[in-house]
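# Observations on chain architecture
Given next are the chains, with one letter for each unit.
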Amino acid sequence: MKEVSTIITERVDDIPLLREQMQRMGLPTLFDTHVPPHGNWTGLSLGWGSTIWLSSIVSRGDHRMVHGEPWAAKWLWMLGATTGQAVTRIDCTDDRRAIVLRRLRDDERWGAFEAALNQHTVRVYDLSTERGHVDSPSASAYATGSDAGLCPFGHSKDERPALPQVNVMQAVLDPLGMPLATDVVSGKRADDPLSMPCMERVQTSVGRRGRL
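Right, let's walk through the structure included here.

Calculation criteria
Residues numbered from 1 in each chain as written. Predicted model: local features only at pLDDT ≥ 70, side-chain atom pairs only at ≥ 80, totals over all residues. Heavy atoms only, no water. Helix = DSSP H or I, 4+ residues; strand = E, 2+ residues; numbered from the N terminus. Buried < 20%, exposed > 50% of the residue type's maximum accessible area, 1.4 Å probe, protein only. Contact = heavy atoms within 4.5 Å. Areas by Shrake-Rupley, 256 points an atom, 1.4 Å probe, with all protein chains shown as cover. Lys, Arg positive; Asp, Glu negative; His and termini not counted. Charge placed at Lys NZ, Arg CZ, Asp CG, Glu CD. 1 Å grid on protein atoms, 1.4 Å probe; cavity = no way out; pocket = protein on both sides within 12 Å on 5 of 7 lines; lining within 4 Å. Points joined across faces, edges and corners; volume = space filled by probe spheres on them. Nonpolar A, V, L, I, M, F, W, Y, C, P; charged D, E, K, R; others polar. Pairing = 2+ DSSP bridges. Axes fitted to C-alpha atoms, helices over the stretch in contact; angles between N-to-C directions. Left-handed = near helix turned anticlockwise from the far one by under 90°. Phe/Tyr/Trp six-rings, centres within 6.5 Å; stacked < 30°, edge-to-face > 60°. Lys NZ or Arg CZ within 6 Å of the ring centre and 35° of its normal.

In this section: the overall build of the protein chain. A count of helical and extended segments in the protein chain gives eight helices and four strands. Within the protein chain, buried positions represent 37% of all 212 residues. Long-range contacts, defined here as pairs at least 24 residues apart, represent 59% of the contacts in the protein chain between residues at least 6 apart. Approximately 12,800 Å² of the protein chain is accessible, and the part contributed by carbon and sulfur atoms is 55%. Considering the protein chain, the positive charge centre built from 24 side chains and the negative charge centre built from 26 side chains are found 2 Å apart.

Pasting the structure below:
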């Protein structure tokens, strides 16, 4: 009797490319090293789960956690084949994403992860660290405004006072534009106090000073 083959058809789109690029950056290992989960964590590691989530965000252009699980459910076979991991739908639920975000809120843990990622990326791709650029743009946010929260109401640089503001301090390699350090803070925070800590983190992570 002739054996009947089982054929699974999935559109792969850009996901294998994104996953491979993130693996070369060392994201799964760096996440697992610097953002360890609770001891009761089971299933796919936090590092691989976070990498798959980032692939979803970049591929879909949508960061909302609630859409991560149904997105992954459509590509379980392909995700497992390209990562070498046993990926299930439960590994991609929004509650697991929320755990990742809560653990990354720790400034010390985030700083260590950021520095390790910079050192690995600059070394692997032989990037020039001669000069960096630091800027702190504010932006309107479609969120519930709160004076005590991340998005308060206040002066709007883009002339949209009806929307709350969020402030993002970021340092990038110049002229490549690769992010080296990122801080997301309340929209009412002034730029000046954010600049020096951001510069110091960049200088520590790239191992050189006086280039900003």
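Now, onward.
The calculated volume of the largest pocket comes to roughly 1,600 Å³. In this structure, the largest pocket is lined by 40 residues; those nearest its centre are Leu104, Trp110, Gln170, Thr182 and Val184. Elements with a minimum of two residues in the lining of the largest pocket: helix H2 (27-34), helix H3 (46-60), helix H6 (94-104), helix H7 (107-125) and strand S4 (179-186). Taken together, the residues that form the lining of the largest pocket break down as 26 nonpolar, eight polar and six charged.

As paired elements, strand S3 (residues 165-173) and S4 share seven bridges and run antiparallel to each other. Residue pairing in the sheet places glutamine 170 in a bridge with threonine 182 of S4. The antiparallel hairpin formed by S3 and S4 contains five residues in its connecting segment, where glycine 177 sits at a positive phi of about 85°.

This next bit is on the packing of helix H1 (residues 15-24) against helix H5 (residues 76-83). In helix packing, the relevant descriptors are the interaxial angle and the interaxial distance, both defined with respect to the helix axes. At a minimum axis distance of 10 Å, the contact between H1 and H5 shows a crossing angle of 35°. Where H1 crosses over H5, the handedness of that crossing is right-handed. Note on element contacts: H5 touches H1 through Met78, Leu79, Thr82 and Thr83, opposite Ile15, Pro16 and Arg19. Broken down by class, the residue content of the contact of H1 with H5 amounts to four nonpolar, two polar and one charged.

Per the stated rule, a full pass over the model turns up three aromatic pairs. Measuring from ring centre to ring centre gives 5.7 Å for tryptophan 110 and phenylalanine 113, while their planes differ by 35°; the resulting arrangement is tilted. Highlighted residues: tryptophan 110 and phenylalanine 113, both in helix H7, separated by three residues, approximately one helical turn. Classification of phenylalanine 113 by relative accessible area gives buried; the value is 4%. Aromatic rings pair up to connect Phe31, Trp110 and Phe113 into one cluster. Residue placement shows arginine 96 over the ring face of tryptophan 41; its charged tip is 4.3 Å from the ring centre.

The values are spatial; any link to function lies outside them.
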